[in-house]
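Here is how the chains run, residue by residue.
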Amino acid sequence: QAQFVVSGGGLVQPGGSLRLSCAVSGSMFNIYNMAWFRQAPGKVRELVACIATGGPIHYAEFVKGRLTISRDNNKSTAYLQMNTLKPDDTAVYYCNTVAWGNWVIFGDWGQGTQVTVSS
């Protein structure tokens, strides 16, 4: 089963940017649909974006062009570029492998990375 090491979070001012990375163990990365999720305090975990093995991408409605998901199969790593960050983006961000369309996860949740947007 794949394991995920997420990094890149931190404290940023509103309007700022961050780039999250998700390094995936094992040799199966190329066939995984990779997804980013987030969980804000007191809220349920929600899907942010997903990138399929063949390149199709799905974004949650709230992304609205501010976040970009990508992947590097040679490095077994998925990325989430976050621009124009808002306080509402404050959450712990996780990655996982998912089934395309219903977003059911296949892996265990890793430790995530905290993103705090505050002035």
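Draft legend 1. Molecular detail of the sheet that holds strand 8 (residues 77-82). Taken in spatial order, the 4 strands of this open sheet run 1-3-8-7, and their pairing is antiparallel. Taken across any chain shown, the strands that pair with only one partner, and hence form the sheet edges, are strand 1 (4-7) and strand 7 (67-72). Geometrically, the sheet is characterised by an average inter-axis angle of 15° between neighbouring strands, direction not taken into account. Bridge count between strand 1 and strand 3 (residues 18-24): 4 bridges; the pairing is antiparallel. Bridge pairing in strand 3 places Val6 opposite Cys22.

Draft legend 2. Seen up close, the packing of aromatic side chains. According to the stated counting rule, one finds 3 aromatic pairs in the structure shown. Geometrically, the ring pair formed by Phe37 and Trp109 is edge-to-face, given 5.1 Å between the ring centres and 85° between the ring planes. Of this pair, Phe37 sits in strand 4 (residues 33-39) while Trp109 sits in the loop between strand 9 (91-98) and strand 10 (113-117); the two residues are 72 residues apart in sequence, bridging distant segments of the chain. For the pair Tyr94 and Trp109, a centre-to-centre distance of 5.6 Å together with 65° between the ring planes defines the contact as edge-to-face. Of this pair, Tyr94 sits in strand 9 while Trp109 sits in the loop between strand 9 and strand 10; the two residues are 15 residues apart in sequence, bridging distant segments of the chain. Taken together, the ring pairs connect Phe37, Tyr94 and Trp109 into an aromatic cluster. We note Arg45 situated over the ring of Tyr94; from NZ or CZ to the ring centre the distance is 4.3 Å. The cationic tip of Arg45 hangs over the ring face of Trp109; the distance from NZ or CZ to the ring centre is 3.9 Å.

About the thresholds
- Residues numbered from 1 in each chain as written.
- Predicted model: local features only at pLDDT ≥ 70, side-chain atom pairs only at ≥ 80, totals over all residues.
- Heavy atoms only, no water.
- Pairing = 2+ DSSP bridges.
- Helix = DSSP H or I, 4+ residues; strand = E, 2+ residues; numbered from the N terminus.
- Axes fitted to C-alpha atoms, helices over the stretch in contact; angles between N-to-C directions.
- Phe/Tyr/Trp six-rings, centres within 6.5 Å; stacked < 30°, edge-to-face > 60°.
- Lys NZ or Arg CZ within 6 Å of the ring centre and 35° of its normal.

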